[in-house]
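Read off the chains here:
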Amino acid sequence: MKITKVVAAIIIYEKSFLVFQRKYSNNIDYSLKYEFAGGKIKKNESNLEALKREIKEELNISVKNYKPYLEYNYNYKNNKISLSFYLCQVNNLSFNLNVHESYKLLRKHELKDVDWLEADYKVVEYLVKDEKLFI
């Protein structure tokens with residue numbers, strides 16, 4: 001099975017996480033689930049290049065201070081993905097929802113209160129338990 005490489009931005013604004021709800025689809029694994037913004041890495045793109053491109057396409061927002069956070073593989077029924085998450089920051093909430101249904105700004109203790117993509121639950125667990133965040 002081919003592995004799809006994916007990057008995602010854990011966007012922080014004033015000690016809260018900016019999370020996005022996917023649009024409705026017939027695929028219950030993805031429909032209306034929450035995720036961190038990002039997407040597939042194109043051929044000859046670095047992780048950071050892909051992440052910056054995806055953030056511009058999805059949100060048209062200026063993000064700064066990209067820092068690698070967590071990498072792991074996840075197997076869905078029909079595909080396997082390799083995920084690379086980056087912590088980053090924004091100074092304001094002036095952005096466009098170009099591909100998402102909605103967004104939420106969640107405090108660390110609220111991260112488990114939304115219905116995430118299956119592949120994102122592992123990074124959510126890390127974030128909730130990460131005592132170095134927001135010190």
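Summary of the structure given here. (Residues numbered from 1 in each chain as written. Predicted model: local features only at pLDDT ≥ 70, side-chain atom pairs only at ≥ 80, totals over all residues. Heavy atoms only, no water.)

1. Quick look at the packing of aromatic side chains
A complete count under the given rule lists seven aromatic pairs for this structure. Taking 6.2 Å as the distance between ring centres and 85 degrees as the angle between the ring planes, the aromatic pair formed by F36 and F85 counts as edge-to-face. With F36 in the loop between β3 (34–35) and β4 (37–40) and F85 in strand β6 (residues 80–89), this pair connects stretches of sequence that are 49 residues apart. What makes F85 buried here is its relative accessible area of 1%. (Phe/Tyr/Trp six-rings, centres within 6.5 Å; stacked < 30°, edge-to-face > 60°. Helix = DSSP H or I, 4+ residues; strand = E, 2+ residues; numbered from the N terminus. Buried < 20%, exposed > 50% of the residue type's maximum accessible area, 1.4 Å probe, protein only.)

2. Things to note about helix α2 (residues 121–129)
Each full turn of the α-helix corresponds to 3.6 residues, which orients residues three or four apart in the same direction. Within α2 the residues assigned to the buried category are V123, V124 and L127. Across the axial projection of α2, the buried residues extend over an arc of 105 degrees, all falling on one side. (Arc of directions from axis to C-beta.)

3. Looking at the environment of A9
Tracing the sequence through the fold places A9 in strand β1 (residues 3–13). Placed 10 residues apart in sequence, A9 and V19 show a C-alpha to C-alpha distance of 9.5 Å. Those residues in contact with A9 that sit more than four places away from it in its chain are F36, A37, L51, I55, Y86 and C88. (Contact = heavy atoms within 4.5 Å.)

4. Things to note about a nonpolar patch on the surface
A contiguous nonpolar patch, built from L93, L97, Y103 and L105 and spanning about 290 Å² of accessible area, is present on the exposed surface. Along the chain, the position of L105 falls in strand β7 (residues 100–106). A residue is classified by how much of its surface remains accessible, and L105, at 33% relative accessible area, is partly exposed. (Patch = residues over 30% accessible without salt bridge, like charges linked within 9 Å, V, L, I, M, F, W, Y side chains within 5 Å. Areas by Shrake-Rupley, 256 points an atom, 1.4 Å probe, with all protein chains shown as cover. Salt bridge = Lys/Arg side-chain N within 4 Å of Asp/Glu carboxyl O.)

5. Concerning the pattern of salt bridges
All told, the structure shown has eight salt bridges when counted by the stated rule. Across the pair R53 and E57 runs a salt bridge, and its minimum N-O distance is 3.3 Å. One end of the pair, R53, and the other, E57, are both in helix α1 (residues 47–59), four residues apart, so they sit about a helical turn from each other. On the basis of relative accessibility, which here comes to 42%, the residue E57 falls in the partly exposed class. K112 is paired through a salt bridge with E125; the nearest N and O atoms lie 3.1 Å apart. Of this pair, K112 sits in the loop between β7 and α2 while E125 sits in helix α2, and the two are 13 residues apart along the sequence. Among the charged side chains, a salt-bridge network with shared partners connects E45, R53, E54 and E57.

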